[in-house]
Amino acid sequence: MKNLNEELYFLKERLEKEQAEEEAQAKKISLEHEKTLTKKDEEVVLEKREKTSTKKLGGGANETVFVELKDDGSAIFKPKAGEYALLRTEVKAGTYYKRERAAYLVDQFLGFDLVPPTVIRKIDGKEGSLQEFIPNAPVASRCDESQWNKEELKKLWVFDYIIYNSDRHGSNLLIKDEKVYAIDNGLSFGKDSLGLFGGFSNEPIGDGVAEKIKMFLSWKQGRQALRNLLCELIEEKEADACLHRIEKVGKMTKGEAVNVVNREKFSFNPLD
Ligand SMILES: Nc1ncnc2c1ncn2[C@@H]1O[C@H](COP(=O)(O)OP(=O)(O)OP(=O)(O)O)[C@@H](O)[C@H]1O
Ligand SMILES: [Mg+2]
């Protein structure tokens, strides 16, 4: 009898411990979700902070302006009026800057943390995207390949598939301390064919990425919130196609078949 009582006691204790752990995990997830739904401090700075100087960068196809913000770093401004018209057949000029912000939002909701904070703002009377400037971060094509973090780059593959980016090349990502920053995301969400960086065919995607996709897909409120936000920036059918691709990645990463970094599978676009 004593043994049975002892066993029951330990069982109860274990169940209580498991329940407490589950509750703590649920609380953590809910705090993470709340954070995602709240505007970040960096976004507020980009939206509101007074600019102290501007300098056109030149060299690229679109107008890019380096902007210094009062007491708080610098940013890259890409005005709508400076978008070059003949870059793609499907994604139209005049919409790139909104796609920059849309890419940032997708990144935030997925928790990938690849895109520097990006907002829409007027500078000198012109509307455009304003993205936090990452100092001392060379573009990938100027780095030695030994500096490329493969796991980060595979995450970028998945991200670029999700946003259907037609323009990821070695000059549209920055590398700093093993971290990858996805910049120049304006030619995304359309039907133009994918431009992915790096060759990762048939390599397993990291567990962390699969987990993030799973978390997003199980977060109903987040899916709806992201859809609403995207619909303000891109066409409704483009927003739905993006969410559809996230689901597609979710299916690909289910179970043990986490072998999703596959060019063929990544060619599916619901917009076609
Ligand atoms: N957030 C950022 N942080 C640091 N540097 C950046 C950032 N965004 C852009 N740059 C720098 O500015 C350059 C041009 O920016 P971007 O690629 O967005 O412009 P673009 O004109 O649209 O591109 P392209 O040269 O592909 O036509 C980049 O190659 C990079 O060196
Ligand atoms: Mg570029």
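It should be emphasised that the depicted structure is a prediction, and the values quoted were computed from it without experimental measurement.

Criteria and cut-off values
Residues numbered from 1 in each chain as written. Chains lettered and ligands numbered in written order. Predicted model: local features only at pLDDT ≥ 70, side-chain atom pairs only at ≥ 80, totals over all residues. Helix = DSSP H or I, 4+ residues; strand = E, 2+ residues; numbered from the N terminus. Contact = placed C-beta atoms within 7 Å. Core = buried A, V, L, I, M, F, W, Y, C linked by C-beta atoms within 7 Å. Buried ≥ 20, exposed ≤ 12 C-beta atoms within 10 Å, placed from the backbone. Near = placed C-beta within 6 Å. Nonpolar A, V, L, I, M, F, W, Y, C, P; charged D, E, K, R; others polar. Pairing = 2+ DSSP bridges. Axes fitted to C-alpha atoms, helices over the stretch in contact; angles between N-to-C directions. Parallel < 35°, antiparallel > 145°, perpendicular 65-115°, else oblique. Left-handed = near helix turned anticlockwise from the far one by under 90°.

**Student:** Whenever I open this one, the environment of Val45 confuses me. Can you help?
**Tutor:** Position of Val45 among the secondary structure elements: in helix α2 (residues 41-48). Along the primary structure Val45 and Val119 are separated by 74 residues, whereas in three dimensions their C-alpha atoms are 9.8 Å apart. Here Val45 is in contact with Leu69 and Asp72, once residues within four sequence places are set aside.

**Student:** Can you help me understand the nonpolar core in this one?
**Tutor:** Note on soluble globular proteins: their nonpolar side chains tend to be buried together. Val106, Ile162, Leu173, Ala182 and Cys242 are the most contacted members of the largest nonpolar core, which has 41 residues in total. Of all the secondary structure elements, the ones that give two or more residues to this core are α3 (96-110), α4 (150-163), β6 (173-176), β7 (179-182), α5 (207-217), α6 (220-231) and α7 (236-252). With residues up to four places along the chain from it excluded, the contact list for Ala182 reads Leu114, Val115, Leu156, Phe159 and Leu173. Of all hydrophobic cores here, the second largest spans eight residues; its members include Val67, Ile76, Val119 and Leu130.

**Student:** Help me out: how do you make sense of the site of ligand 1 in this one?
**Tutor:** Within the structure, ligand 1 sits among 18 residues, and Gly60, Ala61, Ile76, Ile134 and Asp184 are positioned closest to it. Of the residues assigned to the shell around ligand 1, the class counts are ten nonpolar, six polar and two charged.

**Student:** Even after reading the chapter, I still don't get the sheet that holds strand β5 (residues 126-132), so can you show me in this structure?
**Tutor:** Note: strands within a sheet are paired through backbone hydrogen bonds, in either parallel or antiparallel orientation. An order of β1-β2-β3-β5-β4 is seen for the five strands of this open sheet, with the pairing classed as antiparallel. Looking at the sheet topology across the chains shown, the edges are occupied by β1 (51-56) and β4 (118-123). On average, each strand axis in the sheet is tilted by 35° relative to the strand beside it, whichever way the strands run. In this structure, strand β2 (residues 65-69) lies alongside strand β3 (residues 74-79), joined through four bridges in antiparallel fashion. Bridge assignment links Glu68 to a residue of β3, and that residue is Ser74. Lying on the sheet, α2 is in contact with β2, β3, β4 and β5; it crosses β4 at an angle near 15°. Against the sheet, α3 makes contact with β3, β4 and β5, and its axis sits at roughly 150° relative to β4, the strand it touches most.

**Student:** I keep staring at the pairing of β6 and nothing clicks. Help me out?
**Tutor:** Sheet faces and side chains relate simply in a regular strand, where the side chains alternate between the two faces. Relative to β7, β6 runs antiparallel, the two sharing four bridges. Within β7, the residue paired with Ile175 across the bridge is Val180. Hairpin connection from β6 to β7: two residues lie between these consecutive antiparallel strands, with Asp177 at a positive phi of about 45°.

**Student:** Just checking my understanding: could you explain the environment of Asp107 for this structure?
**Tutor:** Tracing the sequence through the fold places Asp107 in helix α3. Asp107 sits 161 residues away from Phe268 along the chain, and the two C-alpha atoms are 20 Å apart. Setting aside residues no more than four positions away along its own chain, Asp107 makes contact with Phe112, Asp113, Leu114, Val115 and Phe159.

**Student:** Would you mind showing me how to read the packing of α5 against α7 here?
**Tutor:** Geometrically, a packed helix pair is captured by the angle between its two axes and the distance between the axes. Contact pair α5 / α7: the axes reach a minimum separation of 9 Å and the direction vectors enclose 125°. When the axes of α5 and α7 are compared, the pair comes out oblique. Our pair here, α5 against α7, has a crossing hand that is left-handed. Contacts from Ile213, Lys214, Phe216 and Leu217 of α5 reach α7 at Ile246, Glu247, Val249 and Gly250. By residue class, the composition of the contact of α5 with α7 is five nonpolar, one polar and two charged.

**Student:** What is the right way to look at the packing of α4 against α7 in this model?
**Tutor:** Running from N to C, α4 and α7 point in directions that differ by 140°, and their axes come no closer than 8 Å. Accordingly, the angle class assigned to the pair α4 and α7 is oblique. Residue-level contacts link Val158, Tyr161, Ile162 and Ile163 of α4 to Cys242, Arg245, Ile246 and Val249 of α7. Looking at side-chain class alone, the contact of α4 with α7 contains seven nonpolar, no polar and one charged residues.

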